[in-house]
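One-letter residues, chain by chain:
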Amino acid sequence: MKYLNPYKAIQILPEHDLFPHVKKIVPEARVIHILTHTPSQFEDIYAFLVDDNLYVSFEIERYRADYVSSCSYEAKEIETMHIESYRRYLRGSSAKEFKVIFQNAKYLLSQIEI
């Protein structure tokens with residue numbers, strides 16, 4: 001994981017464990033940032049900014065030794081929405097933090113040769 005700004009937005013790179021899950025949902029993704037990670041008892045919930053135009057969230061089951069045979073380590077409860085729809089939910093410091101992450105994603109995309 002790589003911290004890119006004071007708000008600690010994390011850009012995930014191809015070697016990160018979550019990268020293949022996001023690429024499976026959005027194959028054309030070039031720049032991926034983790035927006036939130038919410039651990040719970042049986043799964044972890046992640047939300048991402050993909051490039052500069054898509055919000056993606058999903059759950060991944062946590063590893064438990066007694067569930068090895070029944071765990072499917074696939075993303076589930078997948079949700080996607082255009083980034084402008086996601087921005088409407090943000091208020092206060094969350095909106096300010098997201099603005100920095102969004103600007104960083106736009107910058108990184110501009111540096112990628114097409």
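Residues numbered from 1 in each chain as written. Predicted model: local features only at pLDDT ≥ 70, side-chain atom pairs only at ≥ 80, totals over all residues. Heavy atoms only, no water.

**Here's the deal with the packing of aromatic side chains**
In plain terms, the rule: Between 30 and 60 degrees the pair is tilted, below 30 it is stacked and above 60 it is edge-to-face, where a pair is any two Phe, Tyr or Trp rings, Trp via its six-membered ring, whose centres lie within 6.5 Å.
Taken as a whole, this structure holds six aromatic pairs when the rule is applied. An aromatic cluster is present here, built from Y55, Y86, F98 and F102 joined pairwise through their rings.

**A look at unusual backbone geometry**
Quick reminder of the rule: Only protein chains enter the calculation, and the probe is 1.4 Å; a residue is then buried if its accessible area is under 20% of its type maximum, exposed if over 50%, and partly exposed in between. Put simply, DSSP marks the helices as runs of H or I at least four residues long and the strands as runs of E at least two long, and each gets a number from the N terminus on.
Within the chain, D51 stands out as a residue other than glycine whose phi angle is a positive 55°. The buried category is assigned to D51, whose relative accessible area is 8%. Despite not being glycine, E77 has its phi angle at roughly 55°, a positive value. The topology assignment puts E77 in strand β6 (residues 76-82). On the basis of relative accessibility, which here comes to 59%, the residue E77 falls in the exposed class.

**Examining the nonpolar core**
Using the following cut-off: Residues enter a nonpolar core if they are buried and are Ala, Val, Leu, Ile, Met, Phe, Trp, Tyr or Cys, with the set joined through side-chain atoms within 4.5 Å. Residue contacts are defined here by distance: any two heavy atoms, one from each residue, within 4.5 Å place the two residues in contact.
In terms of nonpolar packing, the biggest core is built from 16 residues, with I12, L18, V22, I32, F48, V50 and F58 touching the most fellow members. Of all the secondary-structure elements, those providing two or more residues to this core are α1 (19-25), β3 (32-39), β4 (43-50) and β5 (54-61). Element by element, the count of residues in this core is highest for β5, at four residues. The residues touching V50, leaving out its near neighbours within four places in the chain, are V22, V26, A29, V31 and V56. Among the nonpolar cores identified, the runner-up in size contains 15 residues, and A47, L49, I83 and L90 belong to it.

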